[in-house]
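In case you want the letters, here they are:
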Amino acid sequence: MENLEYKQLIISKRVIQHLGKDLITTSDVALTELLKNSIDAGSDKIRIHIADNMHEMEKNCGEFLIDYNQQVKTSIPKDIMSCPVCIIEDMGKGMDTQELDNGFLTIGTDLKKTEHEMMFGEKGIGRLAAQRLGKYLLIETASVKEEFASTTFIDWNGDLLTNVENNNVLVPYRKINKVASHYTRLWIFDINPYDFLETPDQLTLNIDTFGTVLVNPQLKTAINFLLSPFEKRSNQISFFYDGKEVDIEFPKELL
């Protein structure tokens, strides 16, 4: 007797957390996962910026790789402007609308992998590393394929988790003016600055009077593991705190 039936496959909202915050357990691993995406995008320069709030970030935007676009602020909720923020920016190929939809916003895809290219990130979940670093993510990106840039805002603890089980996740998206032909900036809000800097007291002191700000040693090591110390760097990674460059070079004398 045939009694074939079908049951609904339900994706729990905890899958997002399992693949992001739970799977990527440390900030240094999370950051390097995002840096891998920038390297895979073909960027020869990558910059990491840390600031105590959005005002400080705007004040020091002269250190950005790509000109700061004031239109980005329209996509940032006012109540998180005072939160510590991290920006990871690259001059890679960026994402057009299709790549954003079918790549970054579709968990588990491997659209960036081609037959002849060696990619650092192959699992399609590296973008969830941003969840480990902060509660909110703003993706600002532009591609040569389109005449506009775009912003997409994700609240990892908001409607995303509420609606993921019924496959009805909607995130705010805006088209904005381009400030370069191709690039990507990830704005991560409500970070823990101590995930990046070695000494908590540094945040209460003026960087000019304090002297050298130190990057978390585990983070420095993780960044440098992406690049061979024995070869000329094909990708230049720089780190800035409140507009001042911080040393992330691997101590080659230890090799």
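Anyway, here's the lowdown on the structure attached to this text. Predicted model, so just to flag it, every value in this text is computed and none were measured.

**Digging into the overall build of the protein chain**
Scanning the protein chain from terminus to terminus reveals eight helices and eight strands. Within the protein chain, contacts between residues at least 6 apart in sequence are counted, and of these 72% link residues at least 24 apart. As displayed, the protein chain has an accessible area near 14000 Å², and 50% of this comes from carbon and sulfur atoms.

**A short note on the pattern of salt bridges**
The tally for this structure, following the rule as stated, stands at 10 salt bridges. Across the salt bridge formed by Lys145 and Glu99, the nearest N and O atoms sit 3.2 Å from each other. Pair noted here: Lys145 is in the loop between β3 (136-142) and β4 (149-155) and Glu99 is in helix α4 (residues 97-104), with a separation of 46 residues, a long-range link. A salt bridge links Asp190 to Lys135; the shortest N-O distance between them is 3.5 Å. Placement of Asp190 in the loop between β6 (183-189) and α7 (207-210) and of Lys135 in the loop between α5 (129-133) and β3 is noted, with a sequence separation of 55 residues between them. Among the ionic contacts, a cluster of salt bridges with common partners joins Glu89, Glu140 and Arg185.

**A closer look at unusual backbone geometry**
If a residue is not glycine, its phi is most likely negative; likewise, a peptide bond is most likely trans. Non-glycine residue Asp190 carries a positive phi angle of around 60°. Residue Asp190 is classed as partly exposed on the basis of its relative accessible area of 25%.

**Digging into the side chain of Ser43**
Within the secondary structure, Ser43 sits in the loop between α2 (27-40) and β1 (45-51). For Ser43, a relative accessible area of 1% gives the class buried. Reaching out from Ser43, the side chain makes a polar contact with the backbone oxygen of Lys45 at a distance of 2.5 Å.

**Re the sheet that holds β3**
Spatial ordering of the open sheet is given by β5-β4-β3-β6-β2-β1-β7-β8, a layout of eight strands whose pairing is mixed. If you trace the sheet from one side to the other, it starts and ends with β5 (173-176) and β8 (244-246), each paired once. Taken over all neighbouring pairs, the strand axes of this sheet differ in orientation by 20° on average, direction set aside. Note that strand β2 (residues 85-90) and β6 share six bridges and pair antiparallel. What sits directly across from Cys86, in β6, is Ile188. Strands in contact with α4 are β3, β4, β5 and β6; relative to β3, the strand with the most contacts, it is inclined by about 145°.

**Considerations on the environment of Ala41**
Along the polypeptide, Ala41 turns up in the loop between α2 and β1. Considered as a pair, Ala41 and Met95 are 54 residues apart in the sequence and their alpha carbons are 9.3 Å apart. In contact with Ala41, not counting residues within four places along its chain, are Gly92 and Lys93.

**A few points about the packing of α2 against helix α8 (residues 217-225)**
Contact geometry for α2 and α8: axes closest at 9 Å, N-to-C directions at 30°. Put simply, α2 runs roughly parallel to α8. In this structure, the crossing between α2 and α8 has a hand that is right-handed. Residue-level contacts link Asp28, Leu31, Thr32 and Leu35 of α2 to Gln218, Leu219, Ala222 and Ile223 of α8. Classifying every residue of the contact of α2 with α8 gives five nonpolar, two polar and one charged.

**So, the packing of aromatic side chains**
Going through the model one piece at a time under the given rule, you end up with five aromatic pairs. Three or more aromatic residues link up through ring pairs in this structure, and these residues are Phe64, Tyr68, Trp187 and Phe189. Its end group placed over the ring of Phe148, Lys175 keeps NZ or CZ at 4.6 Å from the ring centre.

**Comments concerning α4**
Taken together, the buried positions of α4 are Leu100, Gly103 and Phe104. Each buried residue of α4 sits inside an arc of 100° when the element is viewed along its axis, so together they form one side. Of the surrounding secondary structure, the elements contacted by the buried residues of α4 are β3, β4, β5 and β6. Capping the start of α4, Asp96 holds a side-chain oxygen 3.2 Å from the backbone nitrogen of Gln98, two or three residues further along.

**Concerning the pairing of β3**
Of all seven residues making up β3, seven are buried, and the element is well covered by its neighbours. Neither face of β3 is left uncovered, since the one carrying Tyr136, Leu138, Glu140 and Ala142 and the one carrying Leu137, Ile139 and Thr141 both have all their residues buried. Looking at chain direction, β3 and β4 are connected through seven bridges and run antiparallel. Note that in β4 the partner of Leu138 across the bridge is Phe153. Hairpin remark: β3 followed by β4, antiparallel, with six residues in the connecting loop. As defined by bridge partners, β3 adjoins β6 across seven bridges and the pair is classed as antiparallel. Residue Glu140 lies in a different strand from β6, and its bridge partner there is Arg185.

Calculation criteria
Residues numbered from 1 in each chain as written. Predicted model: local features only at pLDDT ≥ 70, side-chain atom pairs only at ≥ 80, totals over all residues. Heavy atoms only, no water. Helix = DSSP H or I, 4+ residues; strand = E, 2+ residues; numbered from the N terminus. Contact = heavy atoms within 4.5 Å. Areas by Shrake-Rupley, 256 points an atom, 1.4 Å probe, with all protein chains shown as cover. Salt bridge = Lys/Arg side-chain N within 4 Å of Asp/Glu carboxyl O. Buried < 20%, exposed > 50% of the residue type's maximum accessible area, 1.4 Å probe, protein only. Polar contact = N/O pair within 3.5 Å; in protein donor to acceptor, adjacent residues only side chain to side chain. Pairing = 2+ DSSP bridges. Axes fitted to C-alpha atoms, helices over the stretch in contact; angles between N-to-C directions. Parallel < 35°, antiparallel > 145°, perpendicular 65-115°, else oblique. Left-handed = near helix turned anticlockwise from the far one by under 90°. Nonpolar A, V, L, I, M, F, W, Y, C, P; charged D, E, K, R; others polar. Phe/Tyr/Trp six-rings, centres within 6.5 Å; stacked < 30°, edge-to-face > 60°. Lys NZ or Arg CZ within 6 Å of the ring centre and 35° of its normal. Arc of directions from axis to C-beta.

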